[in-house]
Amino acid sequence: MMQATPIPSVPPGSLIVRLRLFIGAMDAIPHSLIALAARIFPAAIFWQSGQTKLDGWHVSDSAIALFRDEYRLPLIDPVIAAHLATLGEHLFPLLLVMGFASRFAALALFGMTAVIQIFVYPDAWPTHGIWAVSLLIIIARGPGILAVDHLLARQWPAGR
């Protein structure tokens, strides 16, 4: 029969106890708070980018020129790309901040981030990585309780 190895006692004020308390405090941060930040900050970035593409209620000529001369996305006309990007940079951030269709909105912005990373600014991967991680939190774990999606899920539980 094997004899159990005794667990060493840890003095109450030791570094290990302090680390465990610190980790416990970090574990207590609610997902909903993290998810709210993961929704708001990328939404703000995309919204601000969308605003730079507008001239009143229209996509600006400079935005179209940007898609034609600098971005040069393959397989899509620059005029169409400028209009789609401007629409997406306004619609999806709005949905994300409200927490409505959050996973869909985050997935759409994640796709836009991938396009920007691959075709437009491939050297900006650290910035795009931060956007992607924030969006992946919403895609994988949902928007949290501070979201319209949460209220709707309470009205229509699964299996109904």
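Given the structure is predicted, the values throughout are model-derived calculations rather than measurements. (Residues numbered from 1 in each chain as written. Predicted model: local features only at pLDDT ≥ 70, side-chain atom pairs only at ≥ 80, totals over all residues. Heavy atoms only, no water.)

Another aspect to go through is the overall build of the protein. Counting its regular elements, the protein contains 7 helices and 2 strands. For the protein, the N- to C-terminal ordering of α and β elements is α-α-β-β-α-α-α-α-α. In terms of C-alpha radius of gyration, the protein reaches 22 Å, well past the compact-globule figure of 15 Å for 160 residues. Its C-alpha atoms give the protein principal-axis dimensions of roughly 75 × 45 × 35 Å. Counting over 160 residues, the protein shows a buried share of 30%. Contacts in the protein between residues at least 24 apart in sequence constitute 65% of all its contacts with a sequence separation of at least 6. Carbon and sulfur atoms provide 70% of the accessible area of the protein, an area that totals close to 11,000 Å². (Helix = DSSP H or I, 4+ residues; strand = E, 2+ residues; numbered from the N terminus. Rg over C-alpha atoms; globule rule 2.2 N^0.38 Å. Buried < 20%, exposed > 50% of the residue type's maximum accessible area, 1.4 Å probe, protein only. Contact = heavy atoms within 4.5 Å. Areas by Shrake-Rupley, 256 points an atom, 1.4 Å probe, with all protein chains shown as cover.)

Moving on to the nonpolar core. One finds Phe46, Phe67, Phe92, Leu96, Leu109 and Ile138 to be the most contacted residues of the largest nonpolar core, which totals 25 residues. Listed by contribution, the elements that provide at least two residues to this core are helix H2 (31–52), helix H3 (61–71), helix H4 (78–98), helix H5 (102–120) and helix H6 (125–141). At 7 residues, H5 tops the list of elements feeding residues into this core. Among all residues touching Phe92, those that are not within four sequence positions of it are Phe104, Ala105, Ala108 and Leu109. (Core = buried A, V, L, I, M, F, W, Y, C linked by side-chain atoms within 4.5 Å.)

Attention now goes to a nonpolar patch on the surface. On the surface, Leu15, Leu19, Phe22, Ile23, Met26, Ile29, Leu33 and Ile34 cluster together to form a nonpolar patch covering roughly 760 Å² of accessible area. Within the secondary structure layout, Ile23 lies in helix H1 (residues 15–27). With a relative accessible area of 48%, Ile23 lands in the partly exposed category. (Patch = residues over 30% accessible without salt bridge, like charges linked within 9 Å, V, L, I, M, F, W, Y side chains within 5 Å. Salt bridge = Lys/Arg side-chain N within 4 Å of Asp/Glu carboxyl O.)

For H5, with 19 residues, the first-to-last C-alpha span of 26 Å sits near the 27 Å given by 1.5 Å per residue. Within the span of H5, buried status applies to Ser102, Ala105, Ala106, Ala108, Leu109, Met112, Thr113, Ile116, Gln117 and Val120. (Expected span 1.5 Å × (residues − 1).)

A few words on the environment of Ile130. Take Ile130: it is sitting in helix H6. Residue classification places Ile130 among the exposed positions, given a relative accessible area of 59%. Distance in space between the C-alpha atoms of Ile130 and Ala81 is 24 Å, their sequence separation being 49 residues.

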